[in-house]
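# Observations on the three-dimensional arrangement
Listed below, chain by chain, are the residues.
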Amino acid sequence: MLVYEDKLSGDELCSDSYPSEITTDGCFLEVQGSWVVKGDVEIDTGANPSAEGGDDDGFESNEQKVVDIIDAFELVEQGEYGKKDLMSYFKGWIGSVMEKVAEDEKDAFKKRVQTGVKKLVGMVKELQVFTGPSMDPDATMVFAYYKEGAAAPTFVYFLDALNEVKC
């Protein structure tokens, strides 16, 4: 299994165990999330607890419906971002990531990231923005949106900002 870590913060942000595809001319790794139930789940066995001297209300469920990727990688949702906020973040972030990109890849990275930034800024009203568990505001952010008709969000990661780590 591969785990994807942020090159800037070292946070684990995703893994290859989720359905994914590379999009936007190699700029993004888009990963499909899904809703899962977490916690104790009540299972109806057909027994009648009150007839057997049991308590009708004895089970208190603490189940929660969560998005698997958010839960597994402890992503932290940030507030809403407007176009100016996003552009301001990208200015500083691109410079930081550029230092981590191999010298012979820098020109290609600039082209890819420009296309990706344009796409995300154009979708700003649809996006949810997340950081990794370190909540470092200068680290790589993760973006999520709902594709038309989808029940769960698709997560968008900048490929150039990720390290692949074999587990």
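Everything below is about the structure printed above this text.
Now for a quick tour of the structure. (Residues numbered from 1 in each chain as written. Predicted model: local features only at pLDDT ≥ 70, side-chain atom pairs only at ≥ 80, totals over all residues. Heavy atoms only, no water.)

Now for the overall build of the protein chain. Along its length, the protein chain carries three helices and eleven strands. Listed by position from the N terminus, the elements making up the protein chain come as β-β-β-β-β-β-α-β-α-α-β-β-β-β. Sequence-distant contacts, at least 24 apart, represent 68% of the contacts inside the protein chain between residues at least 6 apart. (Helix = DSSP H or I, 4+ residues; strand = E, 2+ residues; numbered from the N terminus. Contact = heavy atoms within 4.5 Å.)

Following the criterion strictly, the structure yields six salt bridges and no others. A salt bridge links glutamate 103 to lysine 106; its shortest N-O distance comes to 3.8 Å. With a shortest N-O distance of 3.6 Å, arginine 112 and glutamate 105 are connected by a salt bridge. (Salt bridge = Lys/Arg side-chain N within 4 Å of Asp/Glu carboxyl O.)

Attention now goes to the nonpolar core. Counting residues in hydrophobic clusters, the biggest one holds 24 residues, and the most contacted among them are Leu86, Phe90, Trp93, Leu120, Leu127, Phe143 and Phe158. If you tally residues by element for this core, the top one is helix 2 (residues 83-98), at six residues. Discounting chain neighbours no more than four positions away, the residues touching leucine 120 are Phe28, Leu86, Phe90, Leu127, Phe143, Val156 and Phe158. Listed in part, the 17 residues of the second largest apolar core include Leu2, Cys14, Ala144 and Phe155. (Core = buried A, V, L, I, M, F, W, Y, C linked by side-chain atoms within 4.5 Å. Buried < 20%, exposed > 50% of the residue type's maximum accessible area, 1.4 Å probe, protein only.)

This paragraph deals with the sheet that holds strand 3 (residues 20-23). What holds strands together in a sheet is hydrogen bonding between their backbones, with the strands either parallel or antiparallel. Taken in spatial order, the six strands make up an open sheet running 3-4-10-9-8-7, and their pairing is antiparallel. Of all the strands in the sheet, the pair left with one neighbour each is strand 3 and strand 7 (76-77). In this structure, strand 4 (residues 28-32) lies alongside strand 10 (residues 154-158), joined through five bridges in antiparallel fashion. Bridge assignment links glutamine 32 to a residue of strand 10, and that residue is threonine 154. Contacting strand 4, strand 9 (142-145) and strand 10, helix 3 (residues 106-122) crosses the sheet at an angle of about 145° to strand 10. (Pairing = 2+ DSSP bridges. Axes fitted to C-alpha atoms, helices over the stretch in contact; angles between N-to-C directions.)

Counting buried positions along strand 1 (residues 2-6) yields four of five residues, so the element is predominantly enclosed. Examined bridge by bridge, strand 1 and strand 2 (residues 12-15) share three bridges and lie antiparallel to one another. If you follow tyrosine 4 over to strand 2, its bridge partner there is cysteine 14. Between the end of strand 1 and the start of strand 2, which pair antiparallel, lie five residues, with glycine 10 showing a positive phi angle near 85°.

Taken in spatial order, the three strands line up as 2-1-11 in an open sheet, and their pairing is antiparallel. At either margin of the open sheet sits one strand with a lone partner, and together these are strand 2 and strand 11 (162-166). The mean angle between the axes of side-by-side strands here comes to 30°, regardless of whether they run parallel or antiparallel. Judged from the five bridges that link them, strand 1 and strand 11 form a sheet pairing that is antiparallel. The residue bridging leucine 2 from the neighbouring strand is lysine 166, located in strand 11.

If a residue is not glycine, its phi is most likely negative; likewise, a peptide bond is most likely trans. At threonine 24, a residue that is not glycine, the phi angle is positive and equals roughly 55°. Even without being a glycine, aspartate 25 presents a positive backbone phi close to 55°. Along the chain, aspartate 25 falls in the loop between strand 3 and strand 4.

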